[in-house]
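Here is how the chains run, residue by residue.
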Amino acid sequence: MDVAISPYWIIPAVLLYFYLTDTYANWKSSKKYPIAGGLSVLVPRVVQNFIFTIKASQLCRKSYQKFKHHAVQFIRTDGNVVVLPYEVLDELSSLPVTHAGPSEGTENELMGKYTSISLILDSRLHFSIVQRRLTPKIPALAPILEKAATAAFTKYFPKAEDWTEITPFDVFGEVAARVNATALVGPAFCDDPKWLHIGLKYTEHLMETMIMLRMVPRLIQPTVALFLPSYWKGRRCVKQARELLSPKIEELLKANDSGSWDPMNSKEDADTNVMSWLAGSVKGNERTPASVVHVQILLAFASIHTTLTRLTNALYDIMAADPSLLAELRAEIESVAVDAKGWHDMPYDRLYKLDSLLRESQRTSPTILLGMKRYFKKPYTFRNGIHVPEGTYTTMFVSEIEHDLEYVPNPDKFDAFRAYREKQALGFTNPASRDLDFAAATRSNLGFGYGRSACPGRFFASLEIKMIMVKLLTEYDFAFRPGEGRPKMFALLDFLIVSPTVKILAKRREGHSAPF
């Protein structure tokens, strides 16, 4: 006699199978490293991933306090991530990229296959052009960028001396995109609305795609990506960038090949930009318009939203502080503008109080909870005994480290002049004081990374942010709307994001202008 099996049992049976398989995998993995946040191995991977998505900040703090000197792991649907302790920082940063790759770590984090970021695995162009060309050219770029900043403020900021509502996320985004474009694509496209749109929107589409895909198992990510509008919008941005920039890049490459144009030794403003330097230096298979365009997109992604986030948080911190903070910052700007050197010879390096404010703002309002990302291509055992198998993605609790009383006195207090006082004690001209700079990549300042793989664009970012802040502080007054205070950032996964909808009040300061 045949026994009929009800079809209604199939789905529960399949779900039970996957749950048991998932639980076993979690249990097996927990034998290597404890699970972050004290979550049980019985909690399904998809649930652990969801908890991490909405409560990453709390999980990071709880895990750091409990496992400060040990490795711990986050169970995620797209693969587990091991968080290494602070004491292996120097050893980790000294490992060759052939052993523990920072590019692979970043590519994995940003879902490179679906966000066009995978180029960082095939080329070092984006890194080398910033390190070898952009950073050394900062003094020559500064006056050019000042003109761009002035033009951007004229266009996007209120001209009236009455209080006007603005949305910092939008306004700072437009200003940052305009200044950034001057350095990246030069006069040919720095005012082009198509390029400015690409620079702003590509990052937004990338982040939307990355966040959505990290919510689902790796096996179905290729399928899910096809149904995400942000995935297609991101690809469209890349396509539009190629269509827009390629003809000009092709023209520059031909001029350089013929010997009629050499941007590497030119002092012309029109040649002082990344696009020109790339056209004059790329070689071999990378000497194509497509490669140069892709580098431009990567650099725009890495800089525009980082700049607007840092500007927004710094301004909020100033607005929320005692009025004496703003008065001291303005006084410093005025003092530098009238000193013996005047507003020349990189005056931004002499704005010690502003630099200290930016460093403290980045510490207390970071954009990431986890940093120092690596992908281990080979197994490795650290000197303290922690073993990392081949194929493991690792990271560190960089935000928690910078809020640890063991390393930072009174870490929960926003102290704008914390680094300023330390520099003052050392002597501002003392080379050791440079480790206290906003752009320094040191053991106590991990916002830009650390070691050989620290962000190469941090010096340019520092210049750009200070330049815009000087314009903001000298020419405008700001206030929160009645009944409102400093807006909080919100966490999504291990990213901290400023609200794109918050509005504040701004007005021109009568009779005041920036020193440039």
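Model, not experiment: these values are computed from the prediction. (Residues numbered from 1 in each chain as written. Predicted model: local features only at pLDDT ≥ 70, side-chain atom pairs only at ≥ 80, totals over all residues. Heavy atoms only, no water.)

1. Focus on the overall build of the chain
Operational definition: Secondary structure counts use DSSP, requiring at least four H or I residues in a row for a helix and at least two E residues in a row for a strand, with both numbered from the N terminus. Each radius of gyration reported is based on C-alpha atoms, and the globular scaling rule is 2.2 Å times the count of residues to the power 0.38. Three labels apply to residues, based on accessible area from a 1.4 Å probe with only protein chains included: buried if under 20% of the type maximum, exposed if over 50%, partly exposed otherwise in between. Contacts were defined at the residue level, with two residues in contact if any of their heavy atoms lie within 4.5 Å.
The secondary structure content of the chain amounts to 19 helices and 12 strands. Taken over C-alpha atoms, the radius of gyration comes to 25 Å for the chain, in line with the 24 Å a tight globule of 516 residues would show. Summarising its shape, the C-alpha atoms of the chain cover approximately 95 × 60 × 50 Å along the three principal directions. By residue count, 55% of the 516 residues in the chain fall in the buried class. Look at the contacts in the chain between residues 6 or more apart in sequence, and 73% of them connect residues 24 or more apart.

2. Some details on the sheet that holds strand E12 (residues 504-508)
Cut-off, in case you're wondering: At least two DSSP bridges between two strands are required for those strands to pair. Throughout, an axis means a line fitted to C-alpha atoms (over the contacting stretch in the case of helices), and angles, computed between N-to-C directions, take values from 0 to 180 degrees.
The antiparallel open sheet is built from 3 strands, whose spatial order is E4-E12-E9. This sheet does not close on itself; its edge strands, each paired only once, are strand E4 (164-166) and strand E9 (476-479). Between one strand and the next, the sheet's axes are offset by a mean angle of 40°, whatever the strand orientation. Where E9 lies against E12, 4 bridges are found, and the strand directions are antiparallel. Bridge assignment links Tyr-476 to a residue of E12, and that residue is Arg-508.

3. What about the side chain of Thr-115?
Inclusion rule: Each polar contact in these results corresponds to two N or O atoms within 3.5 Å; when the atoms are within protein, one needs to be able to donate a hydrogen and the other to accept it, and residues that are neighboring in sequence are counted only if both atoms are side-chain atoms.
As for its placement among the helices and strands, Thr-115 is situated in helix H5 (residues 112-115). Within the structure, the side chain of Thr-115 is placed 2.8 Å from the backbone oxygen of Leu-110, a separation counted as a polar contact. Among residues more than four places away in sequence, those in contact with Thr-115 are Leu-110, Tyr-202, Leu-206 and Thr-209.

4. Re the packing of aromatic side chains
The following threshold applies: Only Phe, Tyr and Trp rings take part, Trp by its six-membered ring, and two of them pair if their centres are within 6.5 Å. Stacked means planes under 30 degrees apart, edge-to-face means over 60, and tilted covers everything else. Two conditions define a charge located above a ring, namely a distance within 6 Å from the ring centre to NZ of Lys or CZ of Arg, and an angle within 35 degrees of the ring normal.
Counting across every chain of the model gives 20 aromatic pairs. Look at Tyr-231 and Trp-232: their rings are 5.0 Å apart centre to centre, the planes differ by 75°, and that puts the pair in the edge-to-face class. Taking relative accessible area as the criterion, Tyr-231 reaches 10% and is therefore assigned buried. Consider the rings of Phe-417 and Tyr-420, whose centres lie 5.9 Å apart with planes at 55°: the pair is tilted. With a relative accessible area of 12%, Phe-417 lands in the buried category. By way of ring pairs, the aromatic residues Phe-153, Phe-157, Phe-172, Tyr-476 and Phe-478 are connected into one cluster. Taking the ring centre of Phe-417 as reference, the NZ or CZ of Lys-353 above it sits at 5.6 Å. Above the ring of Tyr-476, the side-chain terminus of Arg-508 is found at 5.4 Å from the ring centroid.

5. Describing the packing of helix H12 (residues 229-258) against helix H13 (residues 274-281)
As a reminder, the rule being used: Put simply, angles under 35 degrees are roughly parallel, angles over 145 are roughly antiparallel, angles from 65 to 115 are roughly perpendicular, and the rest are oblique. In this scheme the handedness of a crossing depends on how the near helix is turned from the far one: anticlockwise by less than a right angle means left-handed, clockwise means right-handed. Side-chain classes follow a simple rule in which Ala, Val, Leu, Ile, Met, Phe, Trp, Tyr, Cys and Pro form the nonpolar group, Asp, Glu, Lys and Arg form the charged group, and the remainder, Gly included, forms the polar group.
Running from N to C, H12 and H13 cross one another at 45°; their axes reach a closest spacing of 9 Å. Overall, the two elements H12 and H13 adopt an arrangement that is oblique. For the pair H12 and H13, the crossing hand works out as right-handed. Together, Lys-248, Ile-249, Leu-252, Leu-253 and Asn-256 of H12 and Met-275, Ala-279 and Gly-280 of H13 make up the contact between the two elements. A class-by-class count of the residues in the contact of H12 with H13 yields 5 nonpolar, 2 polar and 1 charged.

6. A short note on helix H14 (residues 289-320)
Think of an α-helix as turning once every 3.6 residues; residues three or four places apart then point the same way. Keep this limit in mind: Any helix carries an expected span of 1.5 Å times its number of residues minus one.
In a regular helix each residue adds 1.5 Å, so 32 residues correspond to 46 Å; H14 covers 47 Å between its end C-alpha atoms and thus fits that length. The buried count for H14 comes to 28 of 32 residues, which makes it a mostly enclosed element.

7. Regarding the side chain of His-126
Tracing the backbone through its elements, the reader meets His-126 in helix H7 (residues 125-134). Each residue touching His-126, except ones within four places of it in the same chain, is listed here: Ile-120, Val-295, Leu-298 and Leu-299.

8. Examining the packing of helix H16 (residues 352-364) against helix H19 (residues 458-475)
How two helices sit against one another is set out by the angle between their axes and by the gap between those axes. In the contact formed by H16 and H19, the axes pass within 11 Å of each other and the chain directions differ by 110°. In terms of orientation, H16 and H19 fall into the roughly perpendicular class. Classified by chirality, the crossing of H19 by H16 is right-handed. Residues Leu-354, Asp-355 and Leu-358 of H16 form the contact with H19, whose own contacting residues are Ser-462, Ile-465, Lys-466, Met-469, Val-470 and Leu-473. Residue classes in the contact of H16 with H19 are distributed as 6 nonpolar, 1 polar and 2 charged.

Coordinates in, geometry out; function isn't part of it.
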